[in-house]
Amino acid sequence: MNDHVTASPDAPATAAVVERLDPVRIRAHAPRGLAALLVDAVDGGASLGFLAPLDPSEAATWWHTVAEEAEQGAREVWAAHGPAGEVLGTVTLVRTGKPNGRHRGEIARLIVHRAARGQGLGGRLLAAAETHAAREGLTLLVLDTETDSPAEGLYRKAGWTRAGVIPDFAADPAGTLRPTTLYYKRLT
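Residues numbered from 1 in each chain as written. Predicted model: local features only at pLDDT ≥ 70, side-chain atom pairs only at ≥ 80, totals over all residues. Heavy atoms only, no water.

## Remarks on the environment of E68
Point 1. By the element assignment, E68 lies in helix 2 (residues 56-71).
Point 2. Of the residues examined, E68 reaches a relative accessible area of 42% and is grouped as partly exposed.
Point 3. For the pair E68 and T131, spaced 63 residues apart in the sequence, the C-alpha separation amounts to 23 Å. (Helix = DSSP H or I, 4+ residues; strand = E, 2+ residues; numbered from the N terminus. Buried < 20%, exposed > 50% of the residue type's maximum accessible area, 1.4 Å probe, protein only.)

## Notes on the packing of aromatic side chains
Point 1. Tallying each qualifying case throughout the model produces four aromatic pairs.
Point 2. Their ring planes at 85° and their centres at 6.0 Å tell us that F50 and W62 sit as a pair that is edge-to-face. Highlighted residues: F50 in the loop between helix 1 (23-43) and helix 2 and W62 in helix 2, separated in sequence by 12 residues. The pair formed by F50 and W62 is uniform in burial state, with each residue classed as buried.
Point 3. A centroid spacing of 4.7 Å and a plane angle of 75° characterise the contact between W62 and W63, whose relative ring orientation is edge-to-face. (Phe/Tyr/Trp six-rings, centres within 6.5 Å; stacked < 30°, edge-to-face > 60°.)

## Digging into the pairing of strand 8 (residues 177-186)
Point 1. Pairing between strand 6 (residues 140-146) and strand 8: seven bridges, direction antiparallel. Across the sheet, the residue bridging to D144 is L182, located in strand 8.
Point 2. Summarising the sheet, strand 7 (residues 161-171) and strand 8 pair through seven bridges and their orientation is antiparallel. The residue bridging T161 from the neighbouring strand is Y184, located in strand 8.
Point 3. Counted along the chain from strand 7 to the antiparallel partner strand 8, the turn is five residues long, and its residue G175 has a positive phi close to 95°. (Pairing = 2+ DSSP bridges.)

## Quick word on the side chain of E130
Point 1. Position of E130 relative to the elements: it lies in helix 3 (residues 121-135).
Point 2. Polar side-chain contacts of E130 include one of 2.7 Å to the side chain of W160.
Point 3. If sequence neighbours within four positions are ignored, E130 has contacts with L141, A158, W160, K185 and L187. (Polar contact = N/O pair within 3.5 Å; in protein donor to acceptor, adjacent residues only side chain to side chain. Contact = heavy atoms within 4.5 Å.)

## Notes on the pattern of salt bridges
When the charged atoms of two side chains with opposite charge come close together, those side chains can pair.
Point 1. Counting across every chain of the model gives 11 salt bridges.
Point 2. The salt bridge partner of R95 is E76, with a shortest N-O separation of 3.3 Å. With a gap of 19 residues between them, R95 in strand 4 (residues 87-95) and E76 in strand 3 (residues 75-81) connect regions that are remote in the sequence.
Point 3. Under the relative-accessibility criterion, R95 is labelled partly exposed at 25%.
Point 4. For E76, a relative accessible area of 11% puts it in the buried group.
Point 5. Sharing partners across several salt bridges, the network here consists of R20, E76, R95 and E136. (Salt bridge = Lys/Arg side-chain N within 4 Å of Asp/Glu carboxyl O.)

## Remarks on helix 1
Point 1. Its 21 residues place the ends of helix 1 only 26 Å apart at the C-alpha level, less than the 30 Å of an ideal helix rising 1.5 Å per residue.
Point 2. The largest bend in helix 1 amounts to roughly 85° and is located at A30, with the proline P31 lying one to four residues further along.
Point 3. By the burial criterion, the buried members of helix 1 are P23, I26, H29, A30, L34, A35, L37, L38, V39, D40, A41 and V42.
Point 4. Turning to helix 1, the residues buried within the fold contact strand 2 (17-21), helix 2, strand 3, strand 4 and strand 5 (104-112).
Point 5. Its side-chain oxygen placed 3.1 Å from the backbone nitrogen of V24, D22 serves as the N-cap of helix 1. (Expected span 1.5 Å × (residues − 1). Bend = angle between axes of the 7 residues up to and from the residue.)

## Notes on the packing of helix 1 against helix 2
Point 1. Between helix 1 and helix 2, whose axes approach to 8 Å, the crossing angle comes to 145°. Of the two elements, helix 1 crosses helix 2, and the hand of that crossing is right-handed. The residues of helix 2 that touch helix 1, namely those facing P23, I26, R27, A30, P31, L34, A35, L38 and V39, are P56, A59, A60, W62, W63, H64, V66, A67, E68, A70 and E71.
Point 2. In the contact of helix 1 with helix 2, the residues fall into 16 nonpolar, one polar and three charged. (Axes fitted to C-alpha atoms, helices over the stretch in contact; angles between N-to-C directions. Left-handed = near helix turned anticlockwise from the far one by under 90°. Nonpolar A, V, L, I, M, F, W, Y, C, P; charged D, E, K, R; others polar.)

Okay, structure coming up:
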């Protein structure tokens, strides 16, 4: 089943269609669209677990791994496509396989292409994942993001609660250790 969120008529010219991707579609977009999006984000300084410069083949391989996780029911992926079908953004929802954590999920890898930022696309992707999680019976979502990154404003605006900061949590794309801020959101 695909979840669709379409752009409103008064949205910016770069308005995109947000849809849930099944594993077949993830694999189809991995070599070009999804890999290019990930490379753009890492090259732009986004802390997503990779160091710059990110080789496109490494990015495509990561997306193929995501497709395998989607097949196993451990991860779900939404992508935002522009008018020409280009991938402008993604977000993933990771499920835990532990019996005591089946009520929660993690929002991971919210990525918006640098050319499409500041137009509400990140919020739309996040809302699509949150809405789906609530429909699936999840009652708690968590995430982490680089402290003082622009993403923090997006999460606060979307009603997420800051839980705390962990120093030197991960290296940014340049290899410098940065703190991460943990957030959670109760779904009702």
